[in-house]
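# Analysis of the macromolecular model
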Amino acid sequence: MKLNKITWILLTAGVFAILLAGLSAVRSQQVQQQNQLRDELDLTQAKLTGIQLERLYKQQGELEKRLNQMLSQSETARATLSQPVESIATAGVLFDTAEAAGVSVSEVKISPLTSQKLEGVPASASVLSARVEGSLSGLIGFITRLNDSFGTGVVRSGKISIDEAKAETSASIEMVIYTYQGG
């Protein structure tokens, strides 16, 4: 059986067309897989970005909380530093007493000195207001020690607050400190 030239050309063209169709189908399948992988990669990157954003928001919240705490401490320190020298010494005794009682001072206010007569004796008086936090026994010990720490001072009021929901105990105290004005 002899095949003429035209048959050979047609046969070769047919085989070539079949190969071309097969390669085209393989290429089409590769493009589909590549598109599917690209879509999966995009989805994975979107999820990763979401996770990273979630972590960043969480870190931002923690950093904001720490910043607020530091600002609060800074305000307390700034208020203490803006007081006259006598007030700084008074605040020092307050903080030392708090440390000895195992409580922490979260707010301090000391009024300027005012002239008063104490049992007919000329004196200056300054009002110290503070907020302290700690255990109930520590707060009671602090108030008791505070009366002892200032020989010329007296705790005018002490209010202890217990927040069971937050498991926090705090006290607001007000103390008057007298200084002799000799005459």
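Keep in mind that what you see is a predicted model, and the values were worked out from it rather than measured. (Residues numbered from 1 in each chain as written. Predicted model: local features only at pLDDT ≥ 70, side-chain atom pairs only at ≥ 80, totals over all residues. Heavy atoms only, no water.)

### Some words on the overall build of the chain
Put simply, the rule reads: Helix and strand assignments come from DSSP, with helices taken as H or I runs of at least 4 residues and strands as E runs of at least 2, each series counted from the N terminus. Only protein chains enter the accessibility calculation, which uses a 1.4 Å probe; a residue whose area is less than 20% of its type maximum is buried, one above 50% is exposed, and one in between is partly exposed. Contacts were defined at the residue level, with two residues in contact if any of their heavy atoms lie within 4.5 Å. Note that accessible areas follow from Shrake-Rupley with a 1.4 Å probe, and for residues the cover is restricted to the protein chains shown.
Check the secondary structure of the chain and you find three helices and five strands. If you list the helices and strands of the chain from N to C, you get α-α-β-β-β-α-β-β. Each of the 183 residues in the chain was classed as buried or not, and the buried ones make up 20%. Residue pairs at least 24 apart in sequence account for 57% of intrachain contacts in the chain once pairs closer than 6 positions are excluded. A total accessible area of about 13,600 Å² is found for the chain, and carbon and sulfur atoms account for 59% of it.

### So, the nonpolar core
Rules: In these notes, a set of buried Ala, Val, Leu, Ile, Met, Phe, Trp, Tyr and Cys residues joined through side-chain atoms within 4.5 Å is what counts as a nonpolar core.
Among the nonpolar cores identified, the biggest contains 21 residues, and L94, L128, F142 and L146 are the most heavily contacted of them. Broken down by secondary-structure element, the contributors of at least two residues to this core are helix 2 (85–101), strand 1 (104–110), strand 3 (121–133), helix 3 (136–149) and strand 5 (168–180). Contacts of L94, omitting those with residues within four sequence positions, involve V105, V108, L128, A130, F142, L146 and F150.

### Points about the confidence of the model for the chain
Definition in use: Per residue, pLDDT captures the predictor's confidence, and it can take any value from 0 to 100.
Residues with a pLDDT of 70 or more make up 90% of the chain, whose mean pLDDT is 84. The model gives residues 80–85 a pLDDT under 50, and that stretch makes five contacts with residues more than four places away or in other chains.

### Notes on a nonpolar patch on the surface
What counts, and what does not: Within the patch definition used here, like charges are joined within 9 Å and nonpolar side chains (Val, Leu, Ile, Met, Phe, Trp, Tyr) within 5 Å, considering only residues with over 30% relative accessible area and no salt bridge. By definition, a salt bridge exists where a carboxyl oxygen of Asp or Glu is found within 4 Å of a side-chain nitrogen of Lys or Arg.
A surface patch of nonpolar side chains, amounting to about 480 Å² of accessible area, comprises L3, W8, L11, V15 and L19. Here L19 shows up in helix 1 (residues 5–81). Residue L19 is classed as exposed on the basis of its relative accessible area of 53%.

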